[in-house]
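# Examination of the molecular architecture
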Amino acid sequence: MMTDESPITDDRDPAQVVTAMVDHFLRLAATWTAWDGRPLQSGDRIYTPHKAVRRVSDHLLDHLSELEARLAGHEAIPDHWHASMITTPADLAPFTEHDLDEARSRITRLAQLWVDRLNALTPEQLDRSPGQGWTFRQLAFHMSGSSYYADAVGDLRPAATVR
């Protein structure tokens, strides 16, 4: 799972790091309509398809808000997410094709906002970001850790169809 340590970066394009996480997430999410309704254990937490969508969406939004606030010269609004510590009644709802379509639309749009913002930054802005916190490059690489939520639910295709 994600930690508070500074994210390790490399020479990959930060926008591609974010889109790779989203692509991975959506590949697994495409199998979640087969979910049988039983929460899945991962470490000391439980996950469901809806909870994974909620967490990835919240994480993308939270750090994008931080990035934009810092660029505007003010502090980000502190988050008050309950994160993955709670499982809401909505998290336990069946995950339908309509839910998958909604998740694709929401997460794809959030990823596009990240791509557009990151691509508009200079290398110096990526590595010497204003305000307190990780550099914007580090934030993008931190986002790759959101694949954890998809992996916690996993590939739910029936075993006979998994290759």
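The structure we're discussing is the one just above.
Right, let's walk through the structure included here. (Residues numbered from 1 in each chain as written. Predicted model: local features only at pLDDT ≥ 70, side-chain atom pairs only at ≥ 80, totals over all residues. Heavy atoms only, no water.)

### Focus on helix H5 (residues 136-143)
So the rule is basically this: Exposure is judged per residue with a 1.4 Å probe applied to protein chains only, and the accessible area is read against the type maximum: over 50% gives exposed, under 20% gives buried, and values in between give partly exposed. Put simply, DSSP H or I for four residues or longer makes a helix, DSSP E for two residues or longer makes a strand, and each gets a number counted from the N terminus. Residue contacts follow a heavy-atom distance rule, with two residues in contact if any of their heavy atoms lie within 4.5 Å.
The element H5 is extensively covered by neighbouring structure, given that eight of its eight residues are classed as buried. Where H5 is concerned, the buried positions are Phe136, Arg137, Gln138, Leu139, Ala140, Phe141, His142 and Met143. In this fold, the buried residues of H5 make contact with helix H1 (14-29), helix H2 (49-72), helix H3 (97-120) and helix H4 (123-127).

### Points about the nonpolar core
Worth spelling out the cut-off: What is meant by a nonpolar core is a set of buried Ala, Val, Leu, Ile, Met, Phe, Trp, Tyr and Cys residues, joined one to another through side-chain atoms within 4.5 Å.
Counting 39 residues, the largest nonpolar core has Phe25, Trp32, Leu60, Trp114 and Leu118 as its most contacted members. Of all the secondary structure elements, the ones that give two or more residues to this core are H1, H2, H3, H5 and helix H6 (147-153). Not counting chain neighbours up to four residues away, the residues in contact with Trp114 comprise Val18, Leu60, His63, Leu64, Leu67, Leu139, Ala140 and Met143.

### Digging into the environment of Asp99
Following the sequence through the fold, Asp99 ends up in helix H3. Relative accessible area serves as the criterion here: at 23%, Asp99 is assigned to the partly exposed category. Look past the residues within four positions of Asp99 in its chain and what remains in contact with it is His50 and Pro94.

### A few points about H3
How we decide: Helix span is expected to be 1.5 Å times the residue number reduced by one.
When the terminal C-alpha atoms of H3 are compared, their 34 Å separation across 24 residues agrees well with the 34 Å that a helix rising 1.5 Å per residue should span. When we look at burial in H3, the residues that qualify are Leu100, Ala103, Ile107, Leu110, Ala111, Trp114, Val115 and Leu118. Buried residues along H3 sit in contact with H1, H2, H4 and H5.

### Remarks on the packing of aromatic side chains
Spelled out, the test is: Aromatic rings from Phe, Tyr and Trp, taking only the six-membered ring of Trp, are treated as a pair when their centres fall within 6.5 Å; an angle between ring planes under 30 degrees marks them as stacked, one over 60 as edge-to-face, and anything in between as tilted.
Counted under the stated rule, the structure contains five aromatic pairs. Taken together, a centroid distance of 6.0 Å and an interplanar angle of 70° make the contact between Trp32 and Phe95 edge-to-face. With Trp32 in the loop between H1 and strand S1 (40-42) and Phe95 in the loop between H2 and H3, this pair connects stretches of sequence that are 63 residues apart. Judged by centre distance (5.6 Å) and plane angle (80°), the ring pair of Tyr148 and Tyr149 falls under edge-to-face.

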